[in-house]
Each structure stands twice: as C-alpha cells, then as structure tokens.
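Residues per chain are reported as follows:
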There are 2 protein chains.
Amino acid sequence: MDLFRVALPNPEQEITKAEIVSIGTELLLGQTLNTDARDLARELSELGINCYYQSVVGDNPERMEEVIRLSLKRSDLVITTGGLGPTEDDITMGVCAKIAGSELVYHAESERRIKEFFAIRGLVPSDKSKKQVMLPSDAYIMPNDAGTAPGAVFNFEYNGQTRYLAVLPGPPMEMNLMFQRELKPWLKRYSRHHLHHQYIRTVGIGESQLVAKITDIIHNQGLVSIAPYASAGEVMLRLSVMAPHDMPIDEVNALIQPVAEQIKERIDEYIYSEDNKPMAEVVLSLLTKEKAMVGFAESCTAGLAAAELAKIPGASRVLSGGVITYCNELKHSLLGVSREILAREGAVSESCAIAMAVGARSLLKTDYAVSITGIAGPEGGSEVKPVGTVWIGISHRNGSFARSFLFAGDRNHIRKVSVLNALDLLRRCLLSRE
Amino acid sequence: MDLFRVALPNPEQEITKAEIVSIGTELLLGQTLNTDARDLARELSELGINCYYQSVVGDNPERMEEVIRLSLKRSDLVITTGGLGPTEDDITMGVCAKIAGSELVYHAESERRIKEFFAIRGLVPSDKSKKQVMLPSDAYIMPNDAGTAPGAVFNFEYNGQTRYLAVLPGPPMEMNLMFQRELKPWLKRYSRHHLHHQYIRTVGIGESQLVAKITDIIHNQGLVSIAPYASAGEVMLRLSVMAPHDMPIDEVNALIQPVAEQIKERIDEYIYSEDNKPMAEVVLSLLTKEKAMVGFAESCTAGLAAAELAKIPGASRVLSGGVITYCNELKHSLLGVSREILAREGAVSESCAIAMAVGARSLLKTDYAVSITGIAGPEGGSEVKPVGTVWIGISHRNGSFARSFLFAGDRNHIRKVSVLNALDLLRRCLLSRE
C-alpha cells in the first residue's frame, strides 16, 4: 500500500469559489497562449463553481507565493498549472507545499510510474526526473497519465478557513487528462449546483444580425440565460440554466426547451447543430445515415476540407478521399475540367467548380463530391474577383450545382471559412434543402 | 483644436515594470482564449519592459478596482483590455477614471469618428454608442481605427509614485491596432533597453534530451539567456539578450552568434530553422530554390500536409497538388499500389508508403512526392502496428524510400506531428541529407 496516497477528503462544505493561478515565465513573455486557464475556467463554470479571478505569475518563489496566498484568501479552491517540470526553475510543488505546511519527500510509486513511462519509449529517465518524485507528504497525489510530473491536492486550514490547493502540470494534454480523471470527479461531489447548457450553432449569419432577430428573447430571459459567441464563420448561441445538482435532467430540459424552440422558430434556416456537434460531425452523421460516401476536389483549401472531416473518428465510413488540384493543369488532367473553362472563365468560376465536383465524383467513385475553388489571397484578387471570392460545387446522383461566396479576412481565415461553408452546403444537400 | 486630446507626457523616468489586467466575464467563464494578454506580453518583453504579473477579472466594479489598484502598487504601467463596449456591463473606462481621479465627459471628436465608422458601413450608430463617447477629461484619448470604442492613457500620482494606466479595447484586432499605432511608439521612448531574440527550431528530439545535450551552455549563460519551448512534435530554443536601445544590431548579433554556434555544433542534425520560420516556409524556400514542384499522397492526414504548405502565401510556386487516398481502393486505383501489397503488408507499411509516393509523383507529374500512411486512432491499432504507427515515403528523380515513426498522443496530435515529420523528411531530402 502506498502511504503517500492520502485520500481526498469527503465534502463537508460546498466549494463555491475557485481561482486559477497559471505559472510560467513563458506566459509572462507572451510565448505561450494560456489555453490551460481557458479550459479550467470552462470546466469550473460547468460545475457551477464561481471563478472571479485568474492570475499569471512566473517561476519566481516570492511572487508565486504572494499570488497563491492572495488567491487562498479569496477562494475555497485554488488551482495552479505549470512549473512541475524536471528543471531547476520548476518550483511550484515546493512553493505550494510550503504554503500548505507540508514537505516534499521521496514518492516510490511515482518513480515507478516515471520509469515505466520512459521504458515504453525505450528511454531511461535522467537524473533530473528525480526532482519529480519528491512530492508532498500529506497531499493527495494525482498520477500523470500523459507525462511524467504528478500533481497534488492539498487540503489545509488557511486563516481559519478550509482551503484546497490543486497543483496541475502545465502541458495542456497532461493538464486536461489529469483534470478529467482526477480532479473533476471529485469536484462534482463538492458542487451543489451544476450549470447546464444547450448550444445552438449557426452558419451563414453574422453575430449582430442574429442577435437582432432574438433581442426580445434575450432580454426576457428568466432562468435561462442566452449568450452569443462568434468564431470563424459561425455564431453559437449558448442557453444556460443553473440547476440544483439533483434536479432530474428531464426537468432541466423542460426549462431550456421552450426557449430553444422560440429561438429556432426565428433562425431555423441558419442552424446546423442543436447539440454542440461541430459541422464535420453533423455531416458525418448524415452521410452515415444515408450510407453514402463523399470525396473532395480542393484548390485554395488544398486538402483542409477532407482533413476536417477526417478529424472525426470513424470518418473512414464516409470519406473515400480527395484530389488537391492546386495548379490548373491538375484540374484538367485529373478532374477533366476543360481547358476552355480554365481559359475563358478561370479556375474561380461556377463552371470550374461544377466541373471539378463532377470530375471528382467520377474519379473517386463516390455518391457525393464537393469542390472548392477560390482566391485566398493575399495576391491574386481582381476588381471582378476580389480576394475572398470562393466557388463551392456539389455533384451527386441527381445533378450538380455551385454557389459563390465572398469571405472577409486573411488567407487562412478565408480557407477555414470556405471549408465550413463547403461542409454546410453538403449538409443542406443531404437534407434535401438544396 | 480638441481640448480633450491631452498630450502624452514626455518620459521623465524609465518604465521598467508593467502589468496586464484583462477584463471580461467571458474570460472567467472560459469562453474566450486570452490572446490579448499573450500579444501584449510579447510586445512588452520585446520592449525590455518587465511584466511579472497578469490578472483576469470580470465586469464587476469592486473586483475590477481591487485588481487594478493592486497592479498599480506593483508596477509603473498597467494596461487593461476589454470592457469598453456600448452595453451596460462595459464599465472599464468609468472604473479607471475613478482610480485616476478623473471624470467622464462628452468627447465630440470621438462621436464624430463613431458616426463616420458607421456611415462607411451604411449604418447609423444606436443610442448605446453614446456611452462610448463619454471619456476621461484629463487623459490621452487613443482613437480606435478598427472599431468604435476609443482607448485612453491616464497619468497620475499613486501612493506617491508616477503611474500610467492604459485602457485598450478587448477585440484582438482593435486592441492590436491601437497598441501598434498609439501605445507602442510612445512606450519605445520610455524603455532604455530592448530584448533581442534568436530562435532555433528543432524536430526529432524531445525537450529533455535536447536540454541534456546543452545543459552546460544553458548554465554558463552570460548576457545571452536560453529557454526551450516544446510544442506539437518540435522544440524551439530561444536565445535572448537585453541590450541598450541604441546598441547597433551588429553588436547585438556579436553577442548572440557565438552562443548560437556553440548550440548548433551539438544539435545540428535536429535544427530545421534558425530564424523562426515554420517548417512549411523552410520547405517552400528550399523547393523554390531548386525550382522543384511537390505533390502529396495522404491517407491518415487526409490533406493536412498539402494544406500546411498552402498556408504560406506563394505556395503555388511549388505545390502542384495531391491525392487523398483515405480508402484502400483509391490507393490502388489512383496511385497504383498493388492489391498484393495492400493484402499482404497492409496500407500502413513501407511498401505501401513507397508505392504511394511513386504513384503520386507519376500521377501529379511533380519532381517530389511525399506520402503519409498511418494509424491515427483511436481505433485500428494492433500489437504489431499500434496507434501512432506512421510510414512516410518520398519519391524523387533519384529514387524512393520510406521511414517509420511511432507518435504518441491522440488522433489529431498524431496527424499534426505526422505532417511536421513528413515535411521534415522532404526538407532533409532537399538538403541531400537523405
């Protein structure tokens, strides 16, 4: 039995307030985007735990202690990320142990795990890894299933208050896995209210136009609050309700559903997902249901649309493949786009998009084929066809068609939004809206 | 003349310490990634201004005031972002004015600008915009060239110290433009030292192994400091030197170069870029120099490698196109991979990778062809070929070969790292290292 595996205490009181302290000089220098704080903040908000402050501090013992102590004054739970690596400037565990009145001792189980982690990779841990097996004597130790540095949860009295200090590694994959497997299940038992959401995802309408269509619903919100979030080419509406943790899910849904229905009546034509599924997953489901295979013919997106679909596990059920015809010669030789079309109307045209889709469907022997051809910039635009002009074509058993779009933004934004709209056109086609 | 356009004061003393306070409930809920803090932190570090703390707080007047006051105690300059919008919960300007002992008054010039901003877009400002023209009476007002909310710089005595409080909008495009046009030129005059960097990017070696090879150089660092940063499949070394702002660039380089040379001697075989260029740009340069065209044959990455190269403007000079053969049938029909190879050795094998590359080079008529075939998971792994097994093949005029890799991580990590290593293999081939 491992003496150091102190069990996490049972909840005596609710954890209502938490803070995130991100540790790392690379954050202060702007070398790294703080995705850890975003991920943790989202998780805490889902758990109904309030988070009023976030802080970032470097690998400096005095300032780190100052920041963590201030957070412990204000909140029941403080979660730190980062500074658990094997090098000398990774000092978080020591600083946290000091604050909690604990000390670092050798932890055999963690050493065994680190050796195993290296062995699988045909490596031997260096002497530096020894630092990562010096762990607090009276904290709950959290194993790291994606790396070497274990985490810990301290539980102690601070200024007469019960406090929890959870110490997580910085690399996002390690942090997220440890949070999901260790901290989250435990936190769930400490929170008496959970935030429930429904997400309505839309494409083809801007944020302000969408909000204008449902302003009265947003303002009349009772228990259900509504918030719009815009990202590349799409707007998501989040409907939220804070419910007691033991409220049956049917009752929660009975609160959210009427509001969702009201919204759907107004903006139905733009909605592609009512359960927060990304576009690629929606399209994959529709194709699976129809037992149909799809292929792509991509120019300016150069493979990004097929790759987006392939992100989803199980994509092989519906994705045969694709052709990337970045140069015009391949549009002709592989897809059979006539030289006349390329010369007369150009590669960014309705005729070319349709010919590409028809050619791809025949070459790839799929039920559906999607083509994308456009001007992503920064060069290549003209008065008639400015940067952002994109033609998307679809070919299927009953015919072929193409649509034109004009997207704003830089090269990679245009490529990303083109992919979203190409998949959306396929979705509409699968739903026989087109 | 605009009475409210108080001039920014001339530098009396150097600004050495700054803090960033990010304002917005969406950050606390984890709905938004804090790119503003990253961007500002990077800029401040380049300007040689130390930034020891970052904070995030919501749109709550008491907590916002508390956080800004604490920052003003610790640092010469505090920069806030966010909370300048037209809605009622946007209160940053009012809170900052209160702290600085200023008050908000009507600002005619800003109203004129907002009307103009809307007029260009064929719109009329709503009554809500009136809030955004109530601005501090004795601060320097910064126009917003990408949106409606102006920013401000307050200059005042705080606890007997000269302090600057700069208030910027939250939307990243507006924030960055205002910083570049207004705040940065002014801050440059306040900073007597600038930080210079050289970046060395490597692939094919883990962070700890890389650090082990240069530990003594890292520890013997004099004026040049060295920091490693790991990201998906690669490790970057940053060499930094803080130099007086009037030191000629030759002298700065004379400090960094000897250290860079020492490092290169040790890890040369892993380095792909010494000037912070991403892999795709390095490959594009090499292909351009050789006037060679490349094509791709992708299975598990499904177009991601070609799309990565196409990210870089000017990719059409070197990228002909590619074939995405997600299903085995297309590997046979399009690329000519024999049914025997597929049946006997499987799609994830040396023979298949080579046959795919050879087939692609012939089909796409390119000088080089790169193939990727692997098991990205979560399904499809076996004892002999576990998830993460990837074969990368190259075909060129002098022959063809393939390499096998075993990558860790989830489906999309494996796909991303596969692309990086495929481009790296092509790079080595172009440099005739392979």
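Here the structure is a predicted model, which is why all the values come from computation and not from measurement.

Q: Sorry if this is basic, but what is going on with the overall build of chain A here?
A: Each helix and strand counted, chain A has 15 helices and 17 strands in total. Overall size of chain A, expressed as C-alpha extent along the three principal axes, is 80 × 55 × 40 Å. By residue count, 55% of the 434 residues in chain A fall in the buried class. Just so you have it, chain A exposes about 18,200 Å², and 51% of that area is on carbon and sulfur atoms.

Q: How should I be thinking about the pairing of strand β11 (residues 234-244) of chain A in this particular structure?
A: Looking along a regular strand, one sees the side chains alternate between the two faces of the sheet. Residue and element names in this part refer to chain A. Within β11, 9 of the 11 residues are buried, leaving the element largely enclosed by the surrounding structure. Looking at chain direction, strand β9 (residues 193-203) and β11 are connected through 11 bridges and run antiparallel. Bridge pairing links T202 to V235 in β11. Pairing analysis gives 7 bridges linking strand β10 (residues 225-231) to β11, with the strands arranged antiparallel. In the strand pairing of β11, A227 is matched with R238. Between the antiparallel neighbours β10 and β11 lie 2 residues, among them G233 with a positive phi of about 80 degrees.

Q: Please explain the relation of the copies chain B and chain A as it appears in this structure.
A: What connects the two chain copies is a rotation about an axis and a shift along it. Superposition record for chain B on chain A: RMSD 1.7 Å, screw rotation 180 degrees, translation along axis 1.6 Å. Read as a symmetry element, the transformation amounts to a two-fold axis. Looking at chain B, 88% of its interface residues are interface residues in chain A too, so the copies touch through the same face.

Q: In this structure, what is going on with the packing of aromatic side chains? I would like to understand it.
A: Working definition: an aromatic ring pair is given by the centre-to-centre distance plus the angle between the planes. All names here are of chain A. Inspection of every chain in the model, using the stated rule, returns 7 aromatic pairs over all chains. Each ring, one from F156 and one from Y158, has its centre 6.3 Å from the other, and the planes form 85 degrees; the classification is edge-to-face. For Y158, a relative accessible area of 9% corresponds to the buried category. Relative to F407, the ring of F405 lies with its centre 5.3 Å away and its plane at 20 degrees, an arrangement referred to as stacked.

Q: Please clarify how the sheet that holds strand β11 (residues 234-244) of chain B should be interpreted in this entry.
A: Two modes of strand pairing occur in sheets, parallel and antiparallel, and in both the strands are linked by backbone hydrogen bonds. Residue and element names in this part refer to chain B. Across the sheet, which stays open at both edges, the 4 strands sit in the order β10-β11-β9-β12 with antiparallel pairing between neighbours. Bordering the open sheet on either side are β10 (224-231) and β12 (271-273), each of which pairs with just one other strand. For this sheet, the mean angle separating the axes of adjacent strands, direction not counted, is 35 degrees.

Q: Hey, could you run me through the interface of chain B and chain A in this one?
A: How big an interface is tends to be stated in terms of accessible area lost as the parts join. Contacts between the two partners involve 66 residues from chain B and, on the opposite side, 64 residues from chain A. Each partner contributes to the roughly 5,300 Å² buried at the junction of chain B and chain A, and carbon and sulfur atoms together form 59% of this total. Summed over the shared surface of chain B and chain A, the result is 2 salt bridges. Among the ionic pairs, E66 of chain A bridges to R74 of chain B, the shortest N-O distance being 2.9 Å. At the boundary of chain B and chain A, one finds 26 residue pairs in polar contact (both at pLDDT 80 or more). When strand β14 (residues 319-325) of chain A meets strand β14 (residues 319-325) of chain B, the two strands line up antiparallel, connected through 5 bridges. Across the sheet, residue G322 of chain A finds its bridge partner in β14 of chain B, namely I324 of chain B.

Q: What exactly am I supposed to notice about the domain arrangement of chain A here?
A: You can read the domains of chain A as domain 1 (17-188), domain 2 (196-273) and domain 3 (279-432). For domain 1 of chain A and domain 2 of chain A, the distance between their C-alpha centres works out to 35 Å.

Q: Before we go on, may I ask you to explain the state of the cysteines in this structure?
A: Linking two cysteines covalently through their sulfur atoms gives a disulfide. Residue and element names in this part refer to chain A. Following the criterion strictly, the structure yields 0 disulfides over all chains and no others. Considering cysteine sulfurs only, C51 is the nearest to C96, which forms no disulfide, with 16 Å between them. The exposure class of C96 is buried, given its relative accessible area of 0%. Not engaged in a disulfide, the cysteine C300 finds its nearest cysteine sulfur in C352; these two sulfurs lie 11 Å apart. Accessibility expressed as a relative area gives 6% for C300, which makes it buried.

Q: Help me understand the side chain of R74 of chain A in this model?
A: Turning to its location among the elements, R74 of chain A is positioned in helix α3 (residues 61-74). R74 of chain A sits in the buried class, given a relative accessible area of 17%. A polar side-chain atom of R74 of chain A sits 3.0 Å from a polar atom in the side chain of E19 of chain A. Among the polar contacts listed, one links the side chain of R74 of chain A to the side chain of E66 of chain B, at a separation of 2.9 Å. Not counting residues up to four positions away in its chain, the partners in contact with R74 of chain A are K17, E19, Y53 and S55 of chain A together with E66 of chain B.

Q: I keep staring at a nonpolar patch on the surface and nothing clicks. Help me out?
A: A contiguous nonpolar surface patch, about 250 Å² in accessible area, is contributed by L104, Y106 and M134 of chain B. You can call M134 of chain B partly exposed: its relative accessible area is 34%.

Q: Explanation requested: the side chain of T366 of chain A in the structure shown.
A: Residues and elements named next belong to chain A. Secondary-structure assignment places T366 in the loop between α14 (350-364) and β15 (368-374). Owing to a relative accessible area of 6%, T366 belongs among the buried residues under this scheme. Looking at T366, its side chain comes within polar contact range of the main-chain oxygen of Y368, at 2.8 Å. Sequence-distant contacts of T366, that is, excluding residues within four places in its chain, are made with M293, V294, G295, S320 and R361.

Q: Before we go on, may I ask you to explain the pairing of strand β2 (residues 50-57) of chain B in this structure?
A: Counting buried residues in β2 of chain B gives 6 out of 8 residues, a clear majority hidden from the surface. Here 5 bridges tie strand β2 (residues 50-57) of chain A to β2 of chain B, and the two strands are oriented antiparallel to one another. What sits directly across from Q54 of chain A, in β2 of chain B, is V56 of chain B. Sheet analysis places strand β1 (residues 17-23) of chain B next to β2 of chain B, joined by 6 bridges and oriented parallel. Each residue of the ladder has a partner; that of K17 of chain B, found in β2 of chain B, is N50 of chain B.

Q: Please explain the sheet that holds β10 of chain A as it appears in this structure.
A: Residues and elements named next belong to chain A. Read from one edge of the open sheet, 4 strands run β10-β11-β9-β12, paired in antiparallel fashion. Each of the sheet's edge strands pairs with one partner strand only, and the pair in question is β10 and β12 (271-273). Within the sheet, the average angular offset between the axes of one strand and its neighbour, ignoring direction, is 35 degrees. Running at roughly 155 degrees to β11, helix α9 (residues 249-267) makes contact with β9, β10, β11 and β12 of the sheet.

Q: Honestly, helix α6 (residues 172-190) of chain B in this entry has me stumped. Any pointers?
A: An α-helical turn contains 3.6 residues, so any two residues separated by three or four positions project in the same direction. Of all the bends in α6 of chain B, the largest measures some 45 degrees and sits at L183 of chain B, one to four residues before the proline P185 of chain B. As for α6 of chain B, its buried residues are in contact with α2 (35-46), β3 (77-81), β6 (140-142), β7 (151-158) and β8 (161-168) of chain B.

Each value, and the rule that gives it
Residues numbered from 1 in each chain as written. Chains lettered and ligands numbered in written order. Predicted model: local features only at pLDDT ≥ 70, side-chain atom pairs only at ≥ 80, totals over all residues. Heavy atoms only, no water. Helix = DSSP H or I, 4+ residues; strand = E, 2+ residues; numbered from the N terminus. Buried < 20%, exposed > 50% of the residue type's maximum accessible area, 1.4 Å probe, protein only. Areas by Shrake-Rupley, 256 points an atom, 1.4 Å probe, with all protein chains shown as cover. Pairing = 2+ DSSP bridges. Least-squares fit on C-alpha atoms with pLDDT ≥ 70 in both. Contact = heavy atoms within 4.5 Å. Phe/Tyr/Trp six-rings, centres within 6.5 Å; stacked < 30°, edge-to-face > 60°. Axes fitted to C-alpha atoms, helices over the stretch in contact; angles between N-to-C directions. Buried area = accessible area lost by both parts, 1.4 Å probe. Salt bridge = Lys/Arg side-chain N within 4 Å of Asp/Glu carboxyl O. Polar contact = N/O pair within 3.5 Å; in protein donor to acceptor, adjacent residues only side chain to side chain. Domains from an automatic or database assignment. Disulfide = S-S within 2.5 Å. Patch = residues over 30% accessible without salt bridge, like charges linked within 9 Å, V, L, I, M, F, W, Y side chains within 5 Å. Bend = angle between axes of the 7 residues up to and from the residue.

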